[in-house]
Amino acid sequence: MSNSSAVAQQIARGLVRSAVTDVVIAPGSRSAPLVYALAPLAEAGLIRTHVRIDERDAGFLALGLARGLRAGGAGLAVAVVTTSGSAVANLHPAVLEASYGHLPLLALTADRPARLRGTGANQTIDDQAHVLSDVRARCDLPAGESRGGVEAAVSESVAAALGRTGGTGAEAAGPVQLNVQFDTPLVPTAAELGAWKDEVSGSFERTPVESSRPEVSVTITDGTVIVAGDAGGHPAESLRALAAAHHLPVLAEPSSPLAQARGVSSTFVPAHARVLGERTELRDAIRTVVVHGKPTLTRPVAALLADETVTARRLPDDIDALALSVTDEAIGSDDGAGSDGADCAASGAAWVRDWIDAGEACLAAARDERTSARKSTDTGEAASAQEFQSTARAVTEYLAAQDVTVFAASSNSVRYLSEATDIRAHIHASRGLAGIDGLVSTATGLSLGLDEPVVLLIGDIAMLHDIGGLLTPTAEMAGDVTIVVLNDDGGAIFSGLEHSQPHVAGYLERYFTVPHGRGFAELAAAYGWDYTSVETAGEFERVLAGEGNTGVSGPGAADSSAAAGTRRIIEVTRAH
């Protein structure tokens, strides 16, 4: 058997034994040995393979799969296969998000033999094993590596990607690059492929995953709050119980597990960023912050976490896999009395009630301000923009209140969600680096990982960043995805930042918001997605429910593949 086929088959064995169930493959010749090793595994039902034409989208699809598998309770690593050269670099955006979002991603990058490095050989990077930064580990397998060496490399790579239970920073889950040198011949003989298929059809054992339950400790003091961000699909029921038992205000971003099912959480604080910015007596009373996930959405929270006078206790994302030990040093009274000004109680029921009351007041004030602004702006572009924002918020709040899985883009989409008061949806977001690329592919992977429908809430600029994600090859599973595009013709988020100050406002439109004048009907048709355009929240609700859909469909949208689920785009536009 050729060295390349032998190495590829040993990698395939190692993936199965390490409980990898999903592999995303981008076509290429140098990675062909992996295809011939993995495809029979998929045919035997031992793994699922997913093919995407573009490596960038393949990386983000794998990212979404990893999140979906974790949220579904599996918590497995997902592998993505590329050929050599610049194909590897196209994985970098997804690898960075996996690193900072703590998602287990194994990049299997095919390479040419080491003897060709530095010779100007085609599609050969001199040090391809170091192209991807911010990985937990990297390995460069020589051509013809021994069976034991390959087995160890795969096992160690998957373990590094999964991270340590209770791990934080570099010990948390994340991406790993396993670079594999393949020499010619790249294709197995008929006899070699037949023998491999016979082996695959026999018994293939998975190595049992050993689980431990380390202990993590938390100390509660007067002035303790919980600040929570996206945790990569991990639950946090132990923290929810902690908050309820110790009357701790929960300042949770929309994609935090602590933001879900707010109706049953007695300590969730609405509009918490505004409370931090406007209610100084509450902000100044904070002494301890229990941090879960990655809260990066608002500047007031960032300022709180940077305050050296406040003790921050950062907990692992997988908090529910740990034994939580609590020490309560709060000495404030719990007599149920209200508070005001500097005399506010910093613990007990009064503490959490002050925060919730302040949040509800801030939320009401913000809505009153927006209503007044709309009334004072009767006509023109400003009025149209404000009306669209009102519709976008109504659409977002409606989605948040449904029993659905929502994947929220960065920028305004997730910020609209942060103002919702009734969140029953399970909300996910790429908050590792909070980028806006690859989100269509990530949402598709999330749907495939969860094996359930997903609603992608996204702005027009983020949607344009991942048009390639709309393409699902004919033979591939497409997931069940509804894309809700909030199209305000440009990056409207910049209008609410410091870039709209009068002395720099002249640069805002061309260099920041960048209007493009495009809709998504033609793109939907080209890529085979059902499409409907709406202008009001009422229209959106009816279309989402499947009523009155008068939109257009792309060629073959209804029956493009037996494996395809719902694929539709609902574009929310300004009223004309």
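Details of the structure are given in the entry above.
Now for a quick tour of the structure.

Rules and cut-offs
- Residues numbered from 1 in each chain as written.
- Predicted model: local features only at pLDDT ≥ 70, side-chain atom pairs only at ≥ 80, totals over all residues.
- Heavy atoms only, no water.
- Helix = DSSP H or I, 4+ residues; strand = E, 2+ residues; numbered from the N terminus.
- Buried < 20%, exposed > 50% of the residue type's maximum accessible area, 1.4 Å probe, protein only.
- Pairing = 2+ DSSP bridges.
- Axes fitted to C-alpha atoms, helices over the stretch in contact; angles between N-to-C directions.
- Contact = heavy atoms within 4.5 Å.
- Right-handed = clockwise from strand over helix to strand, strands pointing away.
- Core = buried A, V, L, I, M, F, W, Y, C linked by side-chain atoms within 4.5 Å.
- Salt bridge = Lys/Arg side-chain N within 4 Å of Asp/Glu carboxyl O.

Concerning the environment of Ala303
On the secondary structure map, Ala303 appears in helix α11 (residues 299–306). Ala303 gets classed as partly exposed once you look at its relative accessible area, which sits at 45%. Put simply, Ala303 and Leu276 are 27 residues apart on the chain and 9.5 Å apart in space, counted from C-alpha to C-alpha.

A closer look at the sheet that holds strand β10 (residues 288–292)
Within the open sheet, the 4 strands sit side by side as β9-β8-β10-β11. Their pairing is parallel. Each edge of the open sheet carries a strand with a single partner, namely β9 (250–252) and β11 (311–314). Between one strand and the next, the sheet's axes are offset by a mean angle of 20 degrees, whatever the strand orientation. Across 5 bridges, the pairing between strand β8 (residues 224–228) and β10 is parallel.

Regarding the sheet that holds strand β4 (residues 105–111)
Across the sheet, 6 strands lie side by side as β2-β1-β3-β4-β6-β5; this open sheet has parallel pairing. Only two strands of the sheet have a single neighbouring strand rather than two, namely β2 (48–51) and β5 (137–141). Here the average twist between neighbouring strands, direction ignored, is 20 degrees. The pairing of β4 with strand β6 (residues 175–181) spans 7 bridges and is parallel. When the sheet's bridge partners are listed, Thr109 is paired in β6 with Asn179. Packed onto the sheet, helix α1 (residues 3–17) meets β1 (22–25), β4, β5 and β6 and runs at close to 175 degrees relative to β4.

Some thoughts on the pairing of β10
Burial runs high along β10: 5 of the 5 residues are buried. Alternating residues of β10 divide into Thr288, Val290 and His292 and Val289 and Val291, and every residue in both groups is buried. Bridge analysis of β10 against β11 gives 4 bridges, and the strand direction is parallel. Of the residues in β11, the one forming a bridge with Val289 is Ala312. Regarding the hand of the β-α-β motif, the stretch spanning β10, α11 and β11 is right-handed.

Concerning the nonpolar core
Formed by 35 residues in total, the largest nonpolar core has its most connected members in Ile11, Leu15, Val23, Leu38, Leu41 and Leu108. Going through the elements one at a time, α1, β1, α2 (32–43), β3 (78–82), β4, α6 (147–162), β6 and α7 (190–201) are the ones with two or more residues in this core. Element by element, the count of residues in this core is highest for α1, at 6 residues. Ignoring sequence-local partners within four residues, the contact set of Val23 consists of Leu15, Leu38, Ile47, Arg48, Thr49, His50, Ala79 and Val81.

Concerning the pattern of salt bridges
Tallying each qualifying case throughout the model produces 17 salt bridges. For Arg367, the salt bridge is made with Glu397, and the minimal N-O distance between the two is 3.2 Å. Placement of the pair is Arg367 in helix α12 (residues 348–376) and Glu397 in helix α13 (residues 380–400), with a sequence separation of 30 residues. Taking relative accessible area as the criterion, Arg367 reaches 32% and is therefore assigned partly exposed. Taking the relative accessible area as the measure of exposure, Glu397 reaches 27% and is therefore partly exposed. The structure contains a network of salt bridges with shared partners spanning Asp111, Arg117 and Asp140.

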